[in-house]
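What follows is the residue order along each chain.
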Amino acid sequence: MLNWIKFLGTGGGRVVVFRQLRQSGGMWLRFSGVNILIDPGPGSLIRIFENGLEPKDLNVVILSHRHLDHSSDINAVLESATESTKKPIDLLVAPKDALEGEEPVLLKYLRKGIKDIVYLDEKTDVSYKNLEIKGIIKHIHRGADTYGINITDDKSSFVYVPCGKFFDDMLSAYPANADIMVFNTTFVKPRGNVQHLSAEDVKKMVSHLKPKKAVITHFSVEMLKANPKSVAEDIQKETKVPTIAAEDNMKLIFS
Ligand SMILES: [Zn+2]
Ligand SMILES: [Zn+2]
C-alpha cells in the first residue's frame, strides 16, 4: 500500500529550477515500506536531509529522463545512500540514454553501488519486493527519452506523468482509476512549440483517466504567477477529481 509521498521540490521551468524559485529535489515515496526516490534534481540530497529522511534507507531510485532538473543530484544521492558504493542500493530504473548515451548523467564508478540497473522504456515491468514498476508511453520531449511511470502493489496504484507535449495516445496508454496521478504541469496554457504539459492537457487526462486524486507540480514562472493553487482548483472544478498543487516539502499521507 502507498504510505506517503514527500515532495522534495516542485520547480520545473528553467528559470524556476536554476534560480531556485522553487526547490527541485524530486519526490520520495514510501510504498509498501519500500523507499523510492524519483527524479533527484538540483538540491535533492540537501532536501532529503532537511526533511529528516535518510539516503541510506533508499531501496530504489528512478529517473523519468536525463534532463538536469530531474537527474543532476543522482550522483550525490547515490554516493550518500551507498556510503561511497560500499553498501549498494537495490535498484536503479532509468532510460538507457540517461546511462549509456552521449552524455550519461550517472558517473561510472557509482555503478558498483547499484545491485540492479533496469532500463526504463514502454515495456519495462520490473518486480521489486511486492511492488511492480512499469514504464508507460514514451513522451514527446526534446533531448531526452522520457517515459511515464506506474508503481503498484495489490492495493494501490501511483502514476507519474513526467514532462512532455500532450498527445492523444497518452489518454489510452496511462492506466485509469489510479489512487494518485502526479502531473508535471509546467504551463497553464499549451505552448505549441514547447514540449511540456499544461493545465489544459492535465484536465483532459484527469477527466478521461479518473484518478482518485491528482497533483500538479514542476511549475514554470508563468504557472507561479498564475498561482498553482487556483490552477489546481480550476482543474478540480472541471474534472470533479480532487486536485492539489504540490508545495515544496509537502507530504501526502495515504496510510
Ligand atoms: Zn523537467
Ligand atoms: Zn525534461
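Thresholds, definitions, all that
Residues numbered from 1 in each chain as written. Chains lettered and ligands numbered in written order. Predicted model: local features only at pLDDT ≥ 70, side-chain atom pairs only at ≥ 80, totals over all residues. Heavy atoms only, no water. Buried < 20%, exposed > 50% of the residue type's maximum accessible area, 1.4 Å probe, protein only. Helix = DSSP H or I, 4+ residues; strand = E, 2+ residues; numbered from the N terminus. Pairing = 2+ DSSP bridges. Donors = N, O, S within 2.8 Å, 3.2 Å for Na, K, Ca; no water. Arc of directions from axis to C-beta. Contact = heavy atoms within 4.5 Å. Phe/Tyr/Trp six-rings, centres within 6.5 Å; stacked < 30°, edge-to-face > 60°. Lys NZ or Arg CZ within 6 Å of the ring centre and 35° of its normal.

*Asks:* Explain the pairing of strand β3 (residues 34-38) here, please?
*Replies:* Successive residues of a regular strand alternate their side chains across the two faces of the sheet. Most of β3 is tucked away: five of the five residues are buried. With burial as the criterion, each face of β3 is covered, one bearing Val34, Ile36 and Ile38 and the other bearing Asn35 and Leu37. Of the strand pairs in this sheet, strand β2 (residues 24-31) and β3 are connected by five bridges, and their pairing is antiparallel. The residue bridging tryptophan 28 from the neighbouring strand is leucine 37, located in β3. Connecting the antiparallel pair β2 and β3 is a turn made up of two residues, with serine 32 showing a positive phi of about 55 degrees.

*Asks:* Teacher, can you tell me more about the coordination of the zinc ion (ligand 2) here?
*Replies:* In ideal tetrahedral geometry, four donors around a metal make angles of 109.5 degrees, whereas ideal octahedral geometry with six donors gives angles of 90 or 180 degrees. All of the protein donors around the zinc ion (ligand 2) are His65 (NE2), His67 (ND1) and His141 (NE2); their distances to the metal are 2.1 Å. Between the zinc ion (ligand 2) and the zinc ion (ligand 1) the interatomic distance comes to 3.7 Å. Of this pair, histidine 67 sits in the loop between β4 (60-62) and α3 (68-71) while histidine 141 sits in the loop between β8 (131-138) and β9 (147-152), and the two are 74 residues apart along the sequence. Exposure remark for histidine 67: the relative accessible area of 22% places this residue in the partly exposed category.

*Asks:* Could you clarify how one ought to interpret the coordination of the zinc ion (ligand 1) in this entry?
*Replies:* Within the protein, the zinc ion (ligand 1) binds to Asp69 (OD), His70 (NE2) and His218 (NE2); these donor distances fall in the range 2.1 Å. With a relative accessible area of 15%, aspartate 69 lands in the buried category.

*Asks:* Please clarify how helix α4 (residues 74-81) should be interpreted in this entry.
*Replies:* Because an α-helix packs 3.6 residues into every turn, residues spaced three or four apart end up facing the same way. What α4 keeps buried is the set Ile74, Asn75, Val77, Leu78 and Ala81. The buried side chains of α4 occupy one side of the element, clustering within an arc of 165 degrees when seen end-on. Lining the buried residues of α4 we find β3, α2 (44-50), β4, α3, β5 (89-94) and β6 (114-119). Directly beyond the C-terminal end of α4, a positive phi value near 50 degrees is found at glutamate 83.

*Asks:* Before we go on, may I ask you to explain the packing of aromatic side chains in this structure?
*Replies:* Here a ring pair, both rings aromatic, is described through the centre-centre distance and the interplanar angle of the planes. Within the structure shown, the criterion is met by zero aromatic pairs. Here lysine 251 stacks its cationic end above the ring of tryptophan 4, 4.4 Å away from the centre of that ring.

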